[in-house]
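Observations on the three-dimensional arrangement
Letter by letter, the chains look like this.
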Amino acid sequence: MFWVQFFAGVVGPRMAEKLLQAGDMPNSPELLEIGMVDEVVEGAEAVLPATLKEVRRWLKSPDLGRIDTKKELRGPLTERWAAGIGKEAGTVWAACSNPETVASLAKVLERLSGGGGTKKAPAATSKL
């Protein structure tokens, strides 16, 4: 599945395997450490100002340079993904329709909604 390859490109193959197969849910400082977010801020009200600051920093680079760099870094995966999107969609749908997957996702949603007794972590801004 191409999204797994993309994810592994962000966090590294070993961390992707650990997170995806074990279902670990890193907290904000851990997300920062493994490169899934650019910054951790204290509270939701700080997300927009931090995001605007980061976007302004990125916009200092010429558009063409940013676009060409992204194409070079992600182009081959993007092309393979586009060519295989139908097959991947079928694979993902079959997995998400599986009763075991549905039950597992229900547990994850319960944890995310606070039903798992987890402490609210600082907010994070994403670079994906």
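Read on for an overview of the structure.

Rules and cut-offs
Residues numbered from 1 in each chain as written. Predicted model: local features only at pLDDT ≥ 70, side-chain atom pairs only at ≥ 80, totals over all residues. Heavy atoms only, no water. Helix = DSSP H or I, 4+ residues; strand = E, 2+ residues; numbered from the N terminus. Contact = heavy atoms within 4.5 Å. Areas by Shrake-Rupley, 256 points an atom, 1.4 Å probe, with all protein chains shown as cover. Core = buried A, V, L, I, M, F, W, Y, C linked by side-chain atoms within 4.5 Å. Buried < 20%, exposed > 50% of the residue type's maximum accessible area, 1.4 Å probe, protein only. Lys, Arg positive; Asp, Glu negative; His and termini not counted. Salt bridge = Lys/Arg side-chain N within 4 Å of Asp/Glu carboxyl O.

Considerations on the overall build of the protein
Within the protein one finds 7 helices and 2 strands. Counting from the amino terminus, helix and strand elements in the protein follow one another as α-α-α-β-α-α-α-α-β. Taking all contacts inside the protein whose residues are at least 6 apart in sequence as the whole, residues at least 24 apart take part in 64%. For the protein, the exposed area adds up to about 9,700 Å²; of that, 61% sits on carbon and sulfur atoms.

Notes on the nonpolar core
One broad rule of soluble globular proteins: the nonpolar side chains tend to lie buried together. With 9 residues, the main nonpolar core is built from Phe7, Ala8, Val11, Ala16, Leu19, Leu31, Ile34, Met36 and Val37. Per element, the largest residue contribution to this core is 3 residues, and it comes from helix H1 (residues 2–11). With near-sequence residues (within four places) excluded, Phe7 lies in contact with Gly12, Ala16, Leu19, Leu20 and Met36.

Notes on H1
Here H1 has its buried residues at Phe2, Phe7, Ala8 and Val11. The elements touched by buried residues of H1 are helix H2 (13–22), helix H5 (63–83) and helix H6 (85–97). At the exit of H1 stands Gly12, carrying a positive phi of roughly 95 degrees.

Examining the side chain of Glu88
As for its placement among the helices and strands, Glu88 is situated in helix H6. Arg80 is the oppositely charged side chain nearest to the buried, salt-bridge-free Glu88, at an N-O distance of 9.5 Å. With sequence-adjacent residues up to four places away left out, Glu88 is seen in contact with Met1, Phe2, Trp3 and Trp81.

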